[in-house]
Amino acid sequence: MQTKFLRVQVALPGPFWQPLSYLVPDDSLSVATDPSLQSAWLADWLGWRVRVPFRNQTRIAVVVGVDQDDGVELSKLKPLLVKLDQEPVLNSQDLKFLRWAANYYHEPIGEVVMAALPKRLRDGEPLALPGVMTWQRSALGQSISVDQLSARAHKQRVLWQALSNDQAWSSSQLNASFSGWQPLVKRWVEQGWLAVKEGPCLAHKSLPNPVRHLLNDEQQAAVTSVQASQGFGCFLLDGVTGSGKTEVYLALIEQVLAQGKQVLVLVPEIGLTPQTAARFEAYLQQPVVALHSGLNDQERHCAWQVMRRGEASVLLGTRSALFSPFADLGLCILDEEHDLSFKQQDGFRYSARDLLIRRAHLLNIPVLLGSATPSMESLHNAQTGRYRYLRLSQRAGEAQPPHLSLLDVRGDRLQEGLSNKALGQMREALAAGGQVLVFLNRRGFAPVLLCHSCGWQGACSHCDANLTYHHASDTLKCHHCGFQQPKPKVCPACGSAHFVAMGQGTERLEQFLTIQFPEHTILRIDRDTTRLKGSLAEKVTQARDGEADILIGTQMLAKGHHFPKLTLVVMLDLDQGLFSVDFRGAERMAQLLVQVAGRAGRGTQAGRVLIQTHQPEHPTYQQLLREGYAGFAAQTLGDRQIANLPPFSFQLLVRVEALDSAQAVAFLEAIKALLLAVPVTEPCEVWGPVSAPMAKRQNRWRYQLLLQASSRASLQAWWQAVAAAVYAHPLANRVRWSLDVDPQEMG
DNA sequence: AGCACGCCGACT
DNA sequence: GTCGGCGTGCTC
């Protein structure tokens, strides 16, 4: 038999645009050289973890291809060191999906594959979780009484006595009660007294009491539509706040679970609270695996493993849970589909919504997107028939839709951003026994220290941004690079010692309201007051139970929470959304308004929403008030079509950062020249280079180039036509640059 | 991305 | 004379 050198292609984190090849060790050759065993050879390697030599060290990689001749010289190839695990970590469908994602987002395959593995597996830890073994008396063990043990072996007798309760003991349970149990347990296993079981690594916990609900006609119609789906289908569930989208999800999940299949539910980053998981468990009466940023590496590994093995059927997670492997996935759900947190904003800039749809498509299963304020993209897809449109128009129970009104504050004196009219309304609502939420979208309102004499204000020397004044530490800080300095004693420009703190923060608002409403309790919920683990959930519970009369909140209070006693919402600074540089500014503002308004009047009392504004005649407000979100969306889609903006076109943003701004611009100009030289049939446009919204960050100048085309395919093809030349450009290695496919924010 | 190699200022 | 600054170039 002639010698054939076999190679595998592996995904390794790093900027490698194709997988790296390694030779397989000699002892694997006999299988592979026989052509009839090619498929066995494939199954033996594809998706397996391997340890490979890399430079002068070793790395963990995943085999993504087998024996493809990629043109790399044999002499350059190294043999891989060892194959890990007893099974592949990713199956061929997972790999196909990940390859598609890498290709679409122009992200190195190694980075994408590693995003699909929990950190412990990326680091080469064993696949099996330590501590998931449980021990229980075997049939033989049942007959062994403690008296058969030596009377002098006190430790043994205590341990055996404990094990005689017929429960399965995990190592963590044994650790908690006994020391030195391992050798004894090991011996008893060898003697056949104990049976080892590899149990689920999730702690057994008791399920909440069952909760059932009846569906109204609209909910039932939505459930029926999705159930009728044969194979892949994408559904948009457009349901007003409080209309009971979750009940639809639960009914569908229940049905899929009854078929023995699994379900993946994605929620926004701050939407996943223990209450959400508990609600799912109460209805479904089975454990729900939660996967979110609050978990440690072991817990993530556990969740990953449990879903992959099919030991649990429901995964409820944030963005990255999208990559989890499943034994048999039957349904995907993505709640609050308009939410920006589904788009990863750094590194691998994927959209969890778009990738979830792609994954469902590859698996040929239905996917359901839900929102009270669907994105223009999804509404457009529903209108063109790519998605099936499902509508829930009624609030569940007796709850009335909130009443929205504009509060014209032009010419009024504002105290900490609040008008006297708003304060008056708050007093009335509180006197009537209601709860009040003051909503502050703090962006752009960070407190700035200003010299009262000359107007000087601190600017960061490394970024194109103002320094923010921090009262507690009496310092000026840059939120973008971490630069900080003590508050100057006198103004660096004019020498005056008279400073004023400008701008609005929730902290100052809280101080002000404490003075205004001394007899009422105030609860502030924002990034600063919820930094500790679990404190958001705790505060939300307090708010929901009516322990505070006045709530002060930012973005994180806008989503999904239910405050039955809330009767009045005051929105302080929505106006800025009207004048955003981003064409999606108004869309975001409208979504925020409707979502926050949805917090009010979910109990028996009708809710009111006051929007403080300097622009009461602005068409966006007028439209939202007259026709609601649907009318706003129809108008916005019309405008987008005329302007040929997404969702009527597709965009790709090239971002560049460089210490030398000339290099950044030169690189983008070079890319633009390459793009313009490509003959294209469909309309393709390129704008820029322009300065990024924050022109300088951490001493690097930031520029961007926007590509736009009439279809995803033509946009991809256009970039592909220049990609090789761009990567080969001398500046490509001298500046930091990245691609953002389907950018959601221009920052 | 890391992490080496490589070629010029302040130190025992 | 060296230690080390981070520019630049490669990784199967």
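Keep in mind it's a predicted model, so treat the numbers as computed, not measured. (Residues numbered from 1 in each chain as written. Chains lettered and ligands numbered in written order. Predicted model: local features only at pLDDT ≥ 70, side-chain atom pairs only at ≥ 80, totals over all residues. Heavy atoms only, no water.)

Novice: Would you mind going over the overall build of chain A with me for this structure?
Specialist: Each helix and strand in chain A was counted, giving 22 helices and 32 strands. For 747 residues, the compact-globule formula gives about 27 Å, and the C-alpha radius of gyration of chain A, at 30 Å, lands near that figure. Across its three principal axes, chain A shows a C-alpha extent of roughly 85 × 75 × 60 Å. As presented, chain A carries roughly 33900 Å² of accessible surface, and 52% of it is formed by carbon and sulfur atoms. Between the mean site of the 73 positive side-chain charges and the mean site of the 68 negative ones, chain A shows a separation of 4 Å. (Helix = DSSP H or I, 4+ residues; strand = E, 2+ residues; numbered from the N terminus. Rg over C-alpha atoms; globule rule 2.2 N^0.38 Å. Areas by Shrake-Rupley, 256 points an atom, 1.4 Å probe, with all protein chains shown as cover. Lys, Arg positive; Asp, Glu negative; His and termini not counted. Charge placed at Lys NZ, Arg CZ, Asp CG, Glu CD.)

Novice: Even after reading the chapter, I still don't get helix α9 (residues 181-191), so can you show me in this structure?
Specialist: For an α-helix the count is 3.6 residues per turn, leaving residues at separations of three or four pointing the same way. Every buried residue of α9 is accounted for by Trp181, Leu184, Val185 and Trp188. Down the axis of α9, the sector holding all buried residues measures 95°, keeping them to one side. Across from the buried face of α9, at angles greater than 90 degrees, the exposed residues are Pro183, Lys186 and Glu190. Positioned one or two residues after α9, Gly192 has a phi angle of 85°, which is positive. (Buried < 20%, exposed > 50% of the residue type's maximum accessible area, 1.4 Å probe, protein only. Arc of directions from axis to C-beta.)

Novice: Can you help me understand the nonpolar core in this one?
Specialist: Side chains that are nonpolar tend, in soluble globular proteins, to be buried together. Val654, Leu707, Trp719 and Trp737 are the most contacted members of the largest nonpolar core, which totals 136 residues. Dropping the residues within four chain positions of it, Trp737 is found in contact with Val654, Arg655, Val656, Phe667, Trp719, Val726, Tyr727 and Ala732. Counting 28 residues, the second-largest nonpolar core is a separate cluster that includes Ala222, Val223, Val265 and Ile333. (Core = buried A, V, L, I, M, F, W, Y, C linked by side-chain atoms within 4.5 Å. Contact = heavy atoms within 4.5 Å.)

Novice: Help me out: how do you make sense of the protein's contact with DNA strand C in this one?
Specialist: Taken together, Phe16, Leu20, Ser21, Tyr22, Pro53, Phe54, Arg55, Val72, Lys76, Leu77, Lys78 and Arg734 make up the full set of residues near DNA strand C. Counting only atoms of DNA strand C within 4 Å of the protein, the sugar-phosphate share comes to 55%. Contact distances for DNA strand C include 2.6 Å between a base oxygen and a backbone N or O atom of Ser21. Between DNA strand C and Tyr22, the relevant distance is 3.4 Å, taken from a phosphate oxygen to a side-chain nitrogen or oxygen of the residue. Broken down by element, the residue count for the surface near DNA strand C peaks at three residues, all from strand β2 (residues 20-23). (Near = heavy atom within 4 Å. Polar contact = N/O pair within 3.5 Å; in protein donor to acceptor, adjacent residues only side chain to side chain.)

Novice: Any chance you could explain the protein's contact with DNA strand B here in plain terms?
Specialist: What surrounds DNA strand B is the set Pro15, Arg55, Asn56 and Gln57. Across the atoms of DNA strand B situated within 4 Å of the protein, the share located in sugar and phosphate is 17%. A distance of 2.9 Å separates a base nitrogen of DNA strand B from a polar atom in the side chain of Arg55.

Novice: Mind showing me how you'd approach the sheet that holds strand β3 (residues 49-54) here?
Specialist: In sheet architecture, strand pairing relies on hydrogen bonds along the backbone and comes in two forms, parallel and antiparallel. An order of β2-β1-β4-β3-β5 is seen for the five strands of this open sheet, with the pairing classed as antiparallel. Of all strands in the sheet, those bounded by a partner on one side alone are β2 and β5 (82-83). Pairing geometry for strand β1 (residues 7-11) and β2, over four bridges, is antiparallel. Within β2, the position partnered with Gln9 by the bridge is Ser21. (Pairing = 2+ DSSP bridges.)

Novice: What exactly am I supposed to notice about the pattern of salt bridges here?
Specialist: Side-chain pairs of opposite charge can arise whenever the charged atoms involved come near each other. Throughout the structure, instances matching the rule amount to 25 salt bridges. Across the pair Asp354 and Arg353 runs a salt bridge whose closest N-O atoms are separated by 3.1 Å. Here Glu657 makes a salt bridge to Arg702, at a shortest N to O gap of 3.7 Å. Taken as a pair, Glu657 in strand β29 (residues 650-658) and Arg702 in strand β31 (residues 700-709) lie far apart in primary sequence, 45 residues in all. You can call Arg702 buried: its relative accessible area is 9%. Among the ionic contacts, a cluster of salt bridges with common partners joins Glu337, Arg353, Asp354, Arg712 and Asp742. (Salt bridge = Lys/Arg side-chain N within 4 Å of Asp/Glu carboxyl O.)

Novice: Hey, could you run me through helix α22 (residues 712-728) in this one?
Specialist: The first and last C-alpha atoms of α22 sit 24 Å apart over 17 residues, in line with the 24 Å expected at 1.5 Å per residue. Where α22 is concerned, the buried positions are Ser714, Leu715, Gln716, Trp718, Trp719, Val722, Ala723 and Val726. On its buried face, α22 sits against α3 (92-105), β29, α21 (661-676), β30 (684-697), β31 and β32 (736-741). (Expected span 1.5 Å × (residues − 1).)

Novice: How do you make sense of the environment of Ala493 when you look at a structure like this?
Specialist: Note that Ala493 resides in the loop between β23 (484-486) and β24 (499-502). Once the C-alpha coordinates of Ala493 and Gly455 are considered, the two residues, 38 residues apart in sequence, prove to be 9.0 Å apart. Dropping the residues within four chain positions of it, Ala493 is found in contact with Cys454 and Trp456.

Novice: I tried to follow the packing of helix α16 (residues 420-431) against helix α17 (residues 506-516) on my own but got confused; where do I start?
Specialist: Packed helix pairs are specified by the crossing angle of their axes together with the interaxial distance, meaning the distance between the axes. One way to put it is that α16 packs onto α17 with a least axis distance of 13 Å and a crossing angle of 60°. Looking at the two axes, α16 sits oblique to α17. Here α16 runs over α17; the crossing is right-handed. Facing α16, whose interface residues are Leu423, Met426 and Arg427, α17 presents Phe512, Leu513 and Gln516. Looking at the contact of α16 with α17 residue by residue, the class counts come to four nonpolar, one polar and one charged. (Axes fitted to C-alpha atoms, helices over the stretch in contact; angles between N-to-C directions. Parallel < 35°, antiparallel > 145°, perpendicular 65-115°, else oblique. Left-handed = near helix turned anticlockwise from the far one by under 90°. Nonpolar A, V, L, I, M, F, W, Y, C, P; charged D, E, K, R; others polar.)

Novice: I'm lost on the UniProt feature "binding site: Zn(2+) 2" (unreviewed entry) in chain A in this one. Help?
Specialist: UniProt feature "binding site: Zn(2+) 2" (unreviewed entry): in the numbering of this structure it lies at Cys460, Cys463, Cys478 and Cys481. Looking at the element boundaries, Cys460 is found in the loop between β20 (448-451) and β21 (468-470). According to the relative accessible area criterion, Cys460 is buried, its value standing at 6%. Mapped onto the secondary structure, Cys463 falls in the loop between β20 and β21. The exposure class of Cys463 is buried, given its relative accessible area of 4%. (UniProt positions renumbered as here; feature names shortened; annotations may be inferred.)

Novice: Would you take a moment to explain the packing of aromatic side chains for this structure?
Specialist: Geometrically, a pair of aromatic rings is defined through the distance of the ring centres and the angle of the planes. Per the stated rule, a full pass over the model turns up 18 aromatic pairs. Residues Phe348 and Tyr350 carry aromatic rings whose centres are separated by 4.8 Å and whose planes lie at 50° to one another, so their mutual orientation is tilted. Tyr350 shares its class with Phe348; the two are buried. Measuring from ring centre to ring centre gives 6.5 Å for Trp719 and Trp737, while their planes differ by 50°; the resulting arrangement is tilted. Note that Trp719 is positioned in helix α22 and Trp737 in strand β32, a separation of 18 residues in sequence. This pair shows no difference in class: Trp719 is buried, exactly as Trp737 is. Above the plane of the ring of Trp48 lies Lys83, whose end atom (NZ or CZ) is 4.2 Å from the centre. The side chain of Arg212 reaches across the aromatic face of Tyr283, ending 4.4 Å from its centre. (Phe/Tyr/Trp six-rings, centres within 6.5 Å; stacked < 30°, edge-to-face > 60°. Lys NZ or Arg CZ within 6 Å of the ring centre and 35° of its normal.)

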